[in-house]
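# A structural walkthrough
Chain by chain, the residues run as shown.
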Amino acid sequence: MLTIWCTLAIQAVFISVTYATSGGNFFGYATHEVIGFFGMALLASGIAQTVMVGVIITLSKAVWTGRFDQWLMQPPPLLLRIISEDLGLIWYWPHITIGSGIIVYAFPASLWLLAFFTALIAGTIEMGIVLLFCLPAIRWGRWDPYEGLWEYFENARSIPIGRSRSFMLWLASFGVLQYSLALEVITGRLSILLLLLISVCVWALALLLLKAIIRTYGSASS
């Protein structure tokens, strides 16, 4: 828990210093937009990590201990079993509470509902991305997808890049682009329908991958 608070503090300092040294020209974003982006990214990531941390912590272990075989044969459905195995609210409530507070501070009241709903959609996109990375652990359970995955999310989501024209920057930030796009939705530069479409596509890919892996799954007991 202490390391999570320290990480949030470091990110806040990094954004503040970077914005100050850029003379207020932070990829074309105003001060309240940068602050709002940070809050929205924290909230969305907190929601995603709270729900999906069970995948990261338990999936590969379940395969190699034989519990995954039981999951396939017993209700509830597989995806619900994975998600509900170990929720991460105890670890990631700082992201949710601080993120919500920053959103209320940075945006006018007329945008609060849109900002929270957009953050929720961005969170579902991150959940889908996590699934895409973690589901191969069903086949290669000794590989722990937790290693390096959350570190990437924590470090890469610090700044909005939606108005940057650097292809390499977009490529390096592919896993957190949803936050920059969400900010564009809140500021009226992008339709929320596009963000919803991205979420649907990511989840469709994740579920197709899950179906394909389960079809070729070999029992741990064999």
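Residues numbered from 1 in each chain as written. Predicted model: local features only at pLDDT ≥ 70, side-chain atom pairs only at ≥ 80, totals over all residues. Heavy atoms only, no water.

### So, the packing of helix 2 (residues 31–65) against helix 5 (residues 89–106)
The relative placement of two packed helices is expressed as an angle between their axes plus a distance between the axes. One can describe the packing of helix 2 onto helix 5 by two numbers: an axis separation of 7 Å at closest approach and a directional angle of 155°. Compared by their axis directions, helix 2 and helix 5 come out roughly antiparallel. As for how helix 2 packs across helix 5, the hand of that crossing is left-handed. Its residues placed into classes, the contact of helix 2 with helix 5 shows 15 nonpolar, nine polar and no charged. (Axes fitted to C-alpha atoms, helices over the stretch in contact; angles between N-to-C directions. Helix = DSSP H or I, 4+ residues; strand = E, 2+ residues; numbered from the N terminus. Parallel < 35°, antiparallel > 145°, perpendicular 65-115°, else oblique. Left-handed = near helix turned anticlockwise from the far one by under 90°. Nonpolar A, V, L, I, M, F, W, Y, C, P; charged D, E, K, R; others polar.)

### Overview of the packing of aromatic side chains
Taken as a whole, this structure holds one aromatic pair when the rule is applied. On the numbers, 6.4 Å between centres and 40° between planes, the contact of Phe133 with Phe174 is tilted. Highlighted residues: Phe133 in helix 6 (residues 112–134) and Phe174 in the loop between helix 8 (167–172) and helix 9 (177–186), separated in sequence by 41 residues. A relative accessible area of 44% means that Phe174 is categorised as partly exposed. (Phe/Tyr/Trp six-rings, centres within 6.5 Å; stacked < 30°, edge-to-face > 60°. Buried < 20%, exposed > 50% of the residue type's maximum accessible area, 1.4 Å probe, protein only.)

### Side note on helix 5
Taking 1.5 Å as the rise per residue, helix 5 with 18 residues should run 26 Å; its terminal C-alpha atoms sit 24 Å apart, in good agreement. Turning to helix 5, its buried residues are Tyr92, Pro94, His95, Gly99, Ser100, Ile102, Ile103 and Ala106. (Expected span 1.5 Å × (residues − 1).)

### What to know about the nonpolar core
Taken as a class, soluble globular proteins show a tendency for nonpolar side chains to be buried jointly. Membership of the largest hydrophobic core comes to 59 residues, with the highest contact counts inside it found for Met40, Leu59, Phe68, Val130, Ile138 and Tyr179. Among the elements that make up this core, the one with the highest residue count is helix 2 (16 residues). Apart from residues no more than four positions distant in its own chain, Val130 is found in contact with Met52, Ile56, Leu149, Trp150 and Phe153. (Core = buried A, V, L, I, M, F, W, Y, C linked by side-chain atoms within 4.5 Å. Contact = heavy atoms within 4.5 Å.)

### Quick word on the confidence of the model for the chain
Of the residues in the chain, 87% reach a pLDDT of 70 or more, and the chain-wide mean stands at 81. When mean pLDDT is taken per element in the chain, helix 10 (residues 192–215) scores highest with 93 and helix 4 (residues 78–84) scores lowest with 70. (pLDDT = per-residue confidence, 0-100.)

### What to know about the side chain of Ser180
The topology assignment puts Ser180 in helix 9. In this view, Ser180 contacts Phe37, Ile159, Pro160, Ile161 and Gly162; residues no more than four positions away in its chain are not counted.

### Thoughts on the packing of helix 6 against helix 9
In contact at an axis separation of 9 Å, helix 6 and helix 9 are set at 160° when each is read in the N-to-C sense. Taken as axis vectors, helix 6 and helix 9 run roughly antiparallel relative to one another. Crossing hand, helix 6 versus helix 9: right-handed. Contact with helix 6, carried on its side by Leu114, Ala115, Thr118, Ala122, Ile125, Glu126 and Ile129, involves Gln178, Tyr179, Ala182, Val185 and Ile186 of helix 9 and no other residues of that element. Residue composition of the contact of helix 6 with helix 9, by class: nine nonpolar, two polar and one charged.

### Quick notes on the side chain of Ser100
Summarising the element assignment, Ser100 is placed in helix 5. We classify Ser100 as buried; its relative accessible area is 19%. Only 2.7 Å separates the side chain of Ser100 from the backbone oxygen of Ile96, close enough to count as a polar contact. Apart from the residues lying within four places of it in its own chain, the contact partners of Ser100 are Leu43 and Phe116. (Polar contact = N/O pair within 3.5 Å; in protein donor to acceptor, adjacent residues only side chain to side chain.)

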